[in-house]
Amino acid sequence: MTLLNAPAPSATAFGNAVALSCRECGTRFELGAAYACEECFGPLEVLYDVPRLTRERIESGPQSIWRYRDLLPVPADVAAHPGLQPGWTKLVKADNLARELGVRSLWVKDDSGNPTHSFKDRVVAVALSAARQLGFTTVGCASTGNLANAVAAAAARAGLRSVVFVPSNLEAGKTVTTAVYGGTLVAVEGNYDDVNRLCSEVAGDQPWGFVNINLRPYYAEGSKTVGYEVAEQLGWHLPEQVVAPVASGSLLTKVDKGFTELGKAGLVEPTPYKVFGAQATGCSPVAQAFRAGADIVKPVRPDTIAKSLAIGNPADGPYALDVVRRTGGAIADVSDEEVVEGIRQLARTEGIFAETAGGVTLAVAKKLLAEGLLDPDAETVLLNTGDGLKTLDAVAPVVGPTATIAPSYDAFQKAGLA
Amino acid sequence: MSVSVRIPTILRTYTDGAAEVTADPGEGATLADLLETLDKSYPGLKGRVLDDAGNLRRFVNVYVGDEDVRFAEGLATPTPAGASVSVIPAVAGGC
């Protein structure tokens, strides 16, 4: 399926990508603005014919996700187009946190360092490249906030119109940091699943590129770059354990895909690794399915402060289950109180202020360690997907000044702060 | 009175491109009855929404009014006259 009245994409529009393929039944489709299989509704993913790659070629590329352009559905000259150049974020060696947790070697992949302060800049960069190649001049998304930020900013930079839809109860920080880029921001009186439903219907009738709907196969590929970077930054090897937050389940699934591809391409030794998923108890359909040993993820109605993870009907939930089961990992969930404590502990120990999803990830890692599922002696990477400045509401009630004093040395002394 | 059904893009080959169709599955009908009725007018449609075992495919969402039928009674969810039904593929989002 291609966009009506749009020029056909050129042969090199999607780089080494050759087709879209249904993850459920394997039916192949032409590269285009399609996202669900016409046979079984299964999600479509990008298939490639990748030439031999070397570490040197990747290392000589830009310090952004485009160093991995050969492994993404983008043209070879993608870095020359106006974009936010996301990626190559810090992999922080978290020794202080490791000591507190009793873990031998621990890293935090800190994606709050992206242009709009979340990993969503990665997926949007790939989706917008596809939008450009498919002739879309308006891009949109359904978002819990981070994606809205990323789409509005990247569209502004690329000279595209943006129309983004978010739940109306979003954190103020995420609303402001989307609206400032000047696109159309639609607040929908419902939860994320309601927003998603609306956008699916809009995408069916408007000639717009919705990054997480009709551009989904390309968008999802952007998440692989988190896996590529972790491996490259560790000196071209795979970590033994990774803990990732789970909303739709897409990020976790694509980190696994990234690790697998690096092994197949001979860029790393294909050593075993375990992938763990983290959810907030107030929206934990995938964790519940994991515990129940189920393949079906039963939708829930979300109620948690971790709004970026508040997807009650996760599209990639079954695949997230497959990945954690195949690799020997697990998916667990934690209370909102534990999420807040996770945010504070990461900030206190490593100077990284994570958004609520990062708090979920750390809190779940602690829980998995306590349960003996996460190995304290194995090399472990926690993924922080976004910046705590966007979700101040979560910690504002529990942190504040140590003391409030009059502006005099006497007052300072009396407060016992020395 | 009949039931209106919104058809996603990928199923419009069965409805001659129509984005919305109507069906009259009768009084006391359920979603399962509605799909049977639709399949008479648009042969093959039911087989796209249901798997071989007759269950809703796992990557399709069906709403009766504003309610996801998985929160209601699934295929046994009532589809009364005047109801508005939407068939929507699952969508990615979040992490």
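Data block above holds the structure.
This text gives an overview of the structure that appears in the document.

Thresholds applied
- Residues numbered from 1 in each chain as written.
- Chains lettered and ligands numbered in written order.
- Predicted model: local features only at pLDDT ≥ 70, side-chain atom pairs only at ≥ 80, totals over all residues.
- Heavy atoms only, no water.
- Phe/Tyr/Trp six-rings, centres within 6.5 Å; stacked < 30°, edge-to-face > 60°.
- Helix = DSSP H or I, 4+ residues; strand = E, 2+ residues; numbered from the N terminus.
- Buried < 20%, exposed > 50% of the residue type's maximum accessible area, 1.4 Å probe, protein only.
- Salt bridge = Lys/Arg side-chain N within 4 Å of Asp/Glu carboxyl O.
- Pairing = 2+ DSSP bridges.
- Contact = heavy atoms within 4.5 Å.
- Buried area = accessible area lost by both parts, 1.4 Å probe.
- Polar contact = N/O pair within 3.5 Å; in protein donor to acceptor, adjacent residues only side chain to side chain.
- Nonpolar A, V, L, I, M, F, W, Y, C, P; charged D, E, K, R; others polar.

**Concerning the packing of aromatic side chains**
Residue and element names in this part refer to chain A. For the structure on display, the rule yields 7 aromatic pairs over all chains. Seen from their ring centres, Phe 259 and Tyr 273 are 5.0 Å apart, and the 80 degrees between their planes marks the pair as edge-to-face. Of this pair, Phe 259 sits in helix α9 (residues 250–264) while Tyr 273 is found in the loop between α9 and β11 (274–280), placing the two residues 14 residues apart along the sequence. Taking the relative accessible area as the measure of exposure, Tyr 273 reaches 12% and is therefore buried.

**Here we look at the pattern of salt bridges**
What the rule picks out here adds up to 31 salt bridges over all chains. A salt bridge links Glu 229 of chain A to Lys 109 of chain A; the nearest nitrogen and oxygen atoms lie 2.7 Å apart. Highlighted residues: Glu 229 of chain A in helix α8 (residues 224–233) and Lys 109 of chain A in strand β5 (residues 106–110), separated in sequence by 120 residues. We note that Glu 229 of chain A, like Lys 109 of chain A, is buried. A salt bridge links Arg 197 of chain A to Asp 66 of chain B; the nearest nitrogen and oxygen atoms lie 3.5 Å apart. Residue Arg 197 of chain A is located in helix α6 (residues 192–205), and its partner Asp 66 of chain B is located in the loop between β3 (60–64) and β4 (67–68); the two belong to separate chains.

**A closer look at the sheet that holds strand β2 (residues 28–29) of chain A**
Residues and elements named next belong to chain A. Strand order in the open sheet made by the 3 strands is β2-β1-β3, with antiparallel pairing throughout. For this open sheet the edge positions go to β2 and β3 (44–48), each flanked by a neighbour on one side alone. Where strand β1 (residues 17–22) and β2 come together, 2 bridges link them in antiparallel fashion. Of the residues in β2, the one forming a bridge with Leu 20 is Phe 29.

**What about the interface of chain B and chain A?**
With 31 residues of chain B in contact, the opposing surface of chain A contributes 44 residues. Both sides of the chain B and chain A interface together cover about 3,100 Å² of buried area, and 56% of this is carbon and sulfur. The tally of links between chain B and chain A comes to 7 salt bridges. Joining chain B to chain A, the criterion identifies 12 residue pairs in polar contact (both at pLDDT 80 or more). Mapped onto the side of chain B that touches chain A, the elements with two or more residues apiece are α2 (45–49), β3, β4 and β5 (84–89) of chain B. The dominant element in the side of chain B that touches chain A, judged by the number of residues it contributes, is β5 of chain B, at 4 residues. For the side of chain B that touches chain A, the residue count by class is 16 nonpolar, 6 polar and 9 charged.

Taken by themselves, the reported measurements are silent on function.
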